[in-house]
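Descriptive analysis of the structure
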Amino acid sequence: MGLKQDIVIKSEYTNNARSSPGKGSRGSSPGQYVMRYMAREEATEVLAPVRMSSAFGAEDVDGYDSAAFTRYMARDQATERLISKEDEDLQEADAYGSPLVLKQKFRQIDKLSGRAFGRGGISLTHAELEKSSQNIQQAFDEGHSVQKVVLSFTEDYLRETGVLDPKFKHKGRGSYKGHIDQLKLRHAIMQGVERMTKVGRFIDPEWVGTIQLDTSHVHVHIALADTQFSKSRMKSDGADRGKINEREKAMLRKGIHFALEDMSQLKSFNSQASVERRNVVSFVKDYAYATLHENSQIQLLIAGLPKNKRDWRYGTNRKSMKHSNALAVQIVEKVFADEPEKSGYNKAMQAVLDYADESSLKNKLDARAKKKLIKEGRDRIIERSVNGLYKMLKGIDAAELTTRTRMTDIQSSSDEELAQAIKQSSRSAAFDPAAFELRVRGYNKRQEVHTVNVGTFYELSTEYDIAKDNRLTDETAHVMRLFYEEELEFHMGLVDKYRTFLSFHHSRDLDAVKRLRPKYDSLVSRYNLIVKKESETMRVDLQSRNEYARDLRAYTFACFGQGVGSLKEWRAITKYDREAGTVETRFVLPVRPKTRAENLNPIHFDAVKAWDVHHLGLDYYNKPDARIDTKNALSFAAVFEARKHRAEAAEIYVKATGQELQALISAKRDIDDMEQAVQKAVDEGLIQTVTLADMSQQDERQLYTIPLDRSVDVARQVRQSLEHVEMMEQMEEELE
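Here we summarise the structure given alongside this text. Fair warning: this is a prediction, and the values are worked out from it, not measured in the lab.

So, about the side chain of Glu489. Its place among the elements puts Glu489 in helix α16 (residues 478–502). The contact partners of Glu489, leaving out residues within four places of it in the chain, are Leu567, Arg571, Tyr576, Arg578 and Trp611.

Okay, structure coming up:
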């Protein structure tokens, strides 16, 4: 059969310009026709909203490509809304997480999403469908003709073009559901409508289409209206032309057919019903994971608190609260980051910033003093928030504390309790969860500490370089720049060490590489332009080189901060000569960003792994004979000597100029700890370890805690705690 027989087109139109006011020639509510008839649930099939994958570059994809579509698997906004527990139906603990409640909520959120397509995309959300139908109704009300087009496809044609599942057997009305490749057919129709409206000289067409599968043939319904009056389509009475003509129909058929021919070799997306089931499963998995992740921290916090509730305070010095306070701060910090408005953090922090600005002007504070004032204000916000969280937890009925497992016992333990729990087993190969938790926790803490220190010393060195460029430093201050660089390299190396332990090749690395690649390409281009210009002029362009060096340094540090760069890359662009006492940024090409799996290789790990032997005491708990080989002992000693030399010179300068630097005080304290461990490592070949005698007994813990499906709204409690405190008055009273 010919194309005209394979794709049968019928059309009619409605227009209120040729009928009495408030009525149309064939109906006065085309918008409702779209919502109530075309997109009705029993006739249509859902194609989950999709978007072009950023990995393929949506703007570069021409036409349909199955590899370039990523499915809207988890309805991200819906997940966030449910997890936030803002819905009144989710406030009850018994209802939260109930499959019946979730199913109902998902249906309320989805409505008619995915059932229609059109100018707005290949799969319209419910809101987008409503908007398009309103636009069509508005066009009708303004006198435009609304086209109602129905396409019918033969079964043989759909098989030949790969739209229909080859294994499909027709069994009567409605049996096409789940066997039509929605992506291919929708995309082809979109191409056909585009051709038709161009040849028909539509100016700004609004249209919606649905594929209807409730009959014995596959039908497509299209509602189409031009939202502007086209002179080419206007009749003598001033209204739009009515039915689409044969030429326009021919272009609609050709557009569909050519698109399907182009896609004939592409992988089919049939079995849509099965895909949608996987879609729902993925959604529920994401939702469950987010809920478990949120609630598990509260669960461990409660289990680790001492039985005596009077000790539940952030400011206490009791060792039994040390681990709990650290965990509570993590919970509160996450709320600040994820829900700054709902938690009241933004408002409270703005009060701190306003006060710091006023105090800085009034008392003529320098930048460092102002920064210290802001930090003190933020620390008070954290303290009040944590104490507010404890106040809420005190109110939980003891009858709700029903959960206790071996892993909650272990994960809620302090470091000291974990060390005491480590088995003294002769079976060295036996897995000890207490030892595992202690070691992993130690790795995480050390990585966090070293990451913070990297940021501190990068900031200090950057401030120094800016001051030097502005001629605000003298030669004697250079010892501070060398100290900053020494500490920066030390902490960078140790971040690399613990990233090696704790990281793996994952999508976040790939995303970071992609984000930083444009900056890398830009720097490569700038470097080549500078080299070319200098070769042509036979002169060194110092200004361009300095600007390039500044940006190269910032880019390389950004790579490190996002985990796609390491100390190796930093050394590649930084010339730090310990013997000569010089440090500068090299004029070299940038190093491309690399994933951790590619970058953190065994050779680099071996070079930095012994730099913090003095921090490994708990790793080798109760093993006083833990040995260190000569190579690693010498590596540790060399790092110690370099740090000590730079820190002592910096200390002399700071004291001579009557200053104080907290980063130097902290570094000196750590270097003193190194000195004790170095002697033992070099002289005896042993690691300084922690033994049972070094550990102190702690208060008895609760151990029992809430189940994971018991939800706690931390953001709400934090906000209430902050609302009870007038930040400005409190700070002023404490500072007076």
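Here the focus is the packing of helix α10 (residues 322–338) against helix α12 (residues 367–394). Across the interface, α10 lies against α12 with an axial gap of 9 Å and an inter-helix angle of 105°. Judged by the inter-axis angle, α10 sits roughly perpendicular to α12. Residue-level inspection shows Ser324, Asn325, Ala328, Val329, Ile331, Val332, Glu333 and Phe336 of α10 in contact with α12, the latter providing Arg378, Ile381, Ile382, Ser385, Val386, Leu389 and Tyr390. Considering only residue class, the contact of α10 with α12 consists of ten nonpolar, three polar and two charged.

Bringing the pattern of salt bridges into the picture now. The tally for this structure, following the rule as stated, stands at 30 salt bridges. Measuring nitrogen to oxygen at the nearest pair gives 3.0 Å for the salt bridge that ties Glu206 to Arg119. In this pair, Glu206 sits in strand β6 (residues 205–212) while Arg119 sits in the loop between β4 (117–118) and α5 (126–141), placing the two residues 87 residues apart along the sequence. Arg517 is paired through a salt bridge with Asp521; the nearest N and O atoms lie 3.3 Å apart. With Arg517 and Asp521 both in helix α17 (residues 507–537) and four residues apart, the pair spans about one turn of that helix.

Here the focus is helix α8 (residues 246–262). Along an α-helix, residues three or four positions apart point the same way, because every turn accommodates 3.6 residues. Over its 17 residues, α8 runs 24 Å from end to end, which matches the ideal 24 Å to within 8%, given 1.5 Å per residue. Residues of α8 that are buried: Glu248, Lys249, Leu252, Arg253, Gly255, Ile256, His257, Ala259 and Leu260. Buried residues in α8 make contact with α1 (3–6), β1 (7–14), β5 (146–153), α6 (155–160) and α7 (182–199). If you check the start of α8, you find a side-chain oxygen 3.2 Å away from the backbone N of Arg247, and it comes from Asn245.

The axes of two packed helices give the description: the angle between them and the distance between them. Where helix α11 (residues 345–363) meets α12, the closest approach of the two axes is 9 Å, and the angle between their N-to-C directions is 150°. The angle between α11 and α12 places the two elements in the roughly antiparallel class. Where α11 crosses over α12, the handedness of that crossing is right-handed. Contact with α11, carried on its side by Tyr345, Ala348, Met349, Val352, Leu353, Tyr355, Ala356, Asp357, Ser359 and Ser360, involves Lys370, Leu373, Ile374, Gly377, Arg378 and Ile381 of α12 and no other residues of that element. Split into classes, the residues belonging to the contact of α11 with α12 amount to ten nonpolar, three polar and three charged.

Geometrically, a pair of aromatic rings is defined through the distance of the ring centres and the angle of the planes. Applying the stated rule across the entire model yields twelve aromatic pairs. Each ring, one from Phe336 and one from Tyr345, has its centre 4.4 Å from the other, and the planes form 20°; the classification is stacked. Classification of Phe336 as buried rests on a relative accessible area of 3%. Measuring from centroid to centroid gives 3.7 Å for Tyr458 and Phe557, while their planes differ by 5°, and the two rings are stacked. Taken together, the residues Tyr458 in helix α15 (residues 433–469) and Phe557 in helix α18 (residues 542–561) connect sequence positions 99 residues apart. Here the aromatic residues Phe457, Phe483 and Tyr484 are joined through ring pairs into a cluster of three or more. In this arrangement the basic side chain of Arg545 is found over the ring face of Phe587, its NZ or CZ atom lying 4.0 Å from the centre.

Conventions we followed
Residues numbered from 1 in each chain as written. Predicted model: local features only at pLDDT ≥ 70, side-chain atom pairs only at ≥ 80, totals over all residues. Heavy atoms only, no water. Helix = DSSP H or I, 4+ residues; strand = E, 2+ residues; numbered from the N terminus. Contact = heavy atoms within 4.5 Å. Axes fitted to C-alpha atoms, helices over the stretch in contact; angles between N-to-C directions. Parallel < 35°, antiparallel > 145°, perpendicular 65-115°, else oblique. Nonpolar A, V, L, I, M, F, W, Y, C, P; charged D, E, K, R; others polar. Salt bridge = Lys/Arg side-chain N within 4 Å of Asp/Glu carboxyl O. Expected span 1.5 Å × (residues − 1). Buried < 20%, exposed > 50% of the residue type's maximum accessible area, 1.4 Å probe, protein only. Polar contact = N/O pair within 3.5 Å; in protein donor to acceptor, adjacent residues only side chain to side chain. Left-handed = near helix turned anticlockwise from the far one by under 90°. Phe/Tyr/Trp six-rings, centres within 6.5 Å; stacked < 30°, edge-to-face > 60°. Lys NZ or Arg CZ within 6 Å of the ring centre and 35° of its normal.

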